Amino acid sequence: MSIATSPLKFSTAFAVTALMVGLDGMGAACAQSASDGERGRYALSPVTDGVIRLDTRTGAVSNCTNSGAGWACYAVPDERAALDAEIGRLQADNEKLKAQLAAREPTDTGKIDEPLPKTDSLKKPEPKVADGERKIEIPLPSDRDMDRVMSFLEQAWRRLIEMANRVQKDVTGRI
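As the structure is a prediction and not an experimental result, all values here were calculated from the model.

Colleague: Hey, could you run me through the overall build of the chain in this one?
Modeller: From N to C terminus, the chain includes three helices and four strands. Going from the N terminus to the C terminus, the chain shows its helices and strands as α-β-β-β-β-α-α. Taking all 175 residues of the chain together, 3% fall into the buried category. In the chain, once contacts between residues fewer than 6 apart in sequence are set aside, the share between residues at least 24 apart is 0%. As presented, the chain carries roughly 16800 Å² of accessible surface, and 59% of it is formed by carbon and sulfur atoms.

Below, the structure written as structure tokens:
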């Protein structure tokens, strides 16, 4: 069946076609007037998985991608806004702490009004002196301690000589 055979179908098809043409023309006119009024609102920059959209009025940045269901734009987190918010929070905390510190009673400055005692309680007593002569006793190491030190030094010396011999052999090529 063709459209020309049925007058009802022909008039319906004509009405639908006329409506579509009218809506298309009206949509183009609306789009043109809207784009004239909002010219340059969004700046688009292509990236590998879509586009980056910048709203030139608000400064908001969005990442737009084409998924199976269509295009979707998601706001990119604004690090500057987060930093500004953190700076503001820290400044408020700083002011609050300064106010609390100012509200406290004054603390001691470290100075005292009464004089210090004439003797120092932490000072060690002087060694007893017999007949005006002072004796200083220095404990000397025992023979066992001296033997241990000598053994250590002998081992260190032997290792040093062995190391020097190995280096000399490596340099001359007689490994």
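Colleague: How should I be thinking about the side chain of S62 in this particular structure?
Modeller: Tracing the chain through its elements places S62 in strand β3 (residues 61–67). Among the residues examined, S62 registers a relative accessible area of 8% and is labelled buried. Beyond its immediate chain neighbours, meaning those up to four positions away, S62 contacts V51, I52, R53, C73, Y74, A75 and V76.

Colleague: Would you take a moment to explain the state of the cysteines for this structure?
Modeller: A covalent bond between the sulfur atoms of two cysteines is referred to as a disulfide. Considering all chains together, one arrives at one disulfide under this definition. Paired through a disulfide, C64 and C73 show a sulfur-sulfur distance of 2.0 Å. Across the S-S bond linking C64 and C73, the dihedral sits near 110°, which makes this disulfide right-handed. The buried category is assigned to C64, whose relative accessible area is 3%.

Colleague: Honestly, the pattern of salt bridges in this entry has me stumped. Any pointers?
Modeller: Pairing between side chains of opposite charge can happen when the charged atoms of each approach one another. Considering all chains together, one arrives at three salt bridges under this definition. The residue D55 makes a salt bridge to R41 at a minimum N-O spacing of 2.9 Å. Taken together, the positions of D55 in strand β2 (residues 50–55) and R41 in the loop between α1 (7–37) and β1 (42–47) put the pair 14 residues apart, joining distant regions of the chain. Residue D93 pairs with R89 through a salt bridge whose shortest N-O separation is 3.0 Å. Here D93 pairs with R89, and both are found in helix α2 (residues 79–103), just four residues apart, close to one helical turn. On the basis of relative accessibility, which here comes to 42%, the residue R89 falls in the partly exposed class. Connected through salt bridges with shared partners, the residues E86, R89 and D93 form a single ionic network.

Colleague: What's the story with helix α3 (residues 143–172) in this structure? I'm lost.
Modeller: Because an α-helix completes one turn every 3.6 residues, residues spaced three or four positions apart along the sequence face the same direction. Along its 30 residues, α3 runs 44 Å from first to last C-alpha, staying within 8% of the 44 Å computed at 1.5 Å per residue. Phi for G173, located one or two positions after α3, is positive at around 90°.

Colleague: Teacher, can you tell me more about the sheet that holds β3 here?
Modeller: By way of backbone hydrogen bonds, the strands of a sheet pair with one another, either parallel or antiparallel. Reading across from one edge, β1-β2-β3-β4 is the order of the four strands in this open sheet, with antiparallel pairing throughout. Pairing within the sheet leaves two strands with one partner each, and these edge strands are β1 and β4 (70–75). Direction aside, the axes of adjacent strands within the sheet are offset by 25° on average. Relative to β2, β1 runs antiparallel, the two being bridged by six bridges.

Colleague: Can you walk me through the pairing of β4 in this structure?
Modeller: Each regular strand shows side chains that alternate between the opposite faces of the sheet. Burial within β4 is sparse, with just zero of its six residues counted as buried. In this antiparallel pair of consecutive strands, β3 and β4, the connection spans two residues.

Colleague: Help me understand the confidence of the model for the chain in this model?
Modeller: Fine structural detail should not be taken from predicted coordinates in areas where pLDDT scores are low. Looking at the chain as a whole, its pLDDT mean stands at 76, while 64% of the residues score no less than 70. Per-element confidence in the chain is highest for α3, whose mean pLDDT is 93, and lowest for α1, whose mean pLDDT is 47. Below pLDDT 50 for its whole length, residues 1–21 participates in four contacts with residues either more than four positions away or in separate chains. Note on residues 28–36: pLDDT is under 50 here. Beyond four places in sequence and across chains, it has zero contacts.

The rules behind the values
- Sequence order as written defines the numbering, with residues in each chain counted from 1.
- The predicted nature of this model means local features are confined to residues of pLDDT at least 70 and side-chain atom pairs, given and counted, to a pLDDT of 80 or more, with totals for whole chains, interfaces and linings taken over all residues.
- The side-chain figures draw on all heavy atoms in the structure; neither hydrogens nor water molecules are used.
- Under the DSSP-based scheme used, a helix requires at least four consecutive residues in state H or I and a strand at least two consecutive residues in state E, with every element numbered from the N terminus.
- Partly exposed residues are those whose accessible area sits between 20% and 50% of the maximum for their type, while under 20% is buried and over 50% is exposed, using a 1.4 Å probe and protein chains only.
- Any two residues whose heavy atoms approach within 4.5 Å are treated as being in contact.
- Throughout, the Shrake-Rupley method with a 1.4 Å probe supplies accessible areas, and for residues the shown protein chains are the sole cover considered.
- Two cysteine sulfur atoms form a disulfide, by the criterion used here, when they sit within 2.5 Å.
- By definition, a salt bridge exists where a carboxyl oxygen of Asp or Glu is found within 4 Å of a side-chain nitrogen of Lys or Arg.
- The span one expects for a helix is its residue count, reduced by one, times 1.5 Å.
- Two strands make a pair as long as DSSP finds a minimum of two bridges between them.
- For helices, the fitted axis covers only the stretch in contact; all axes are lines through C-alpha atoms, and the angles between them, taken along N-to-C directions, range from 0 to 180 degrees.
- Every residue carries a pLDDT, the predictor's confidence in it, which falls somewhere between 0 and 100.

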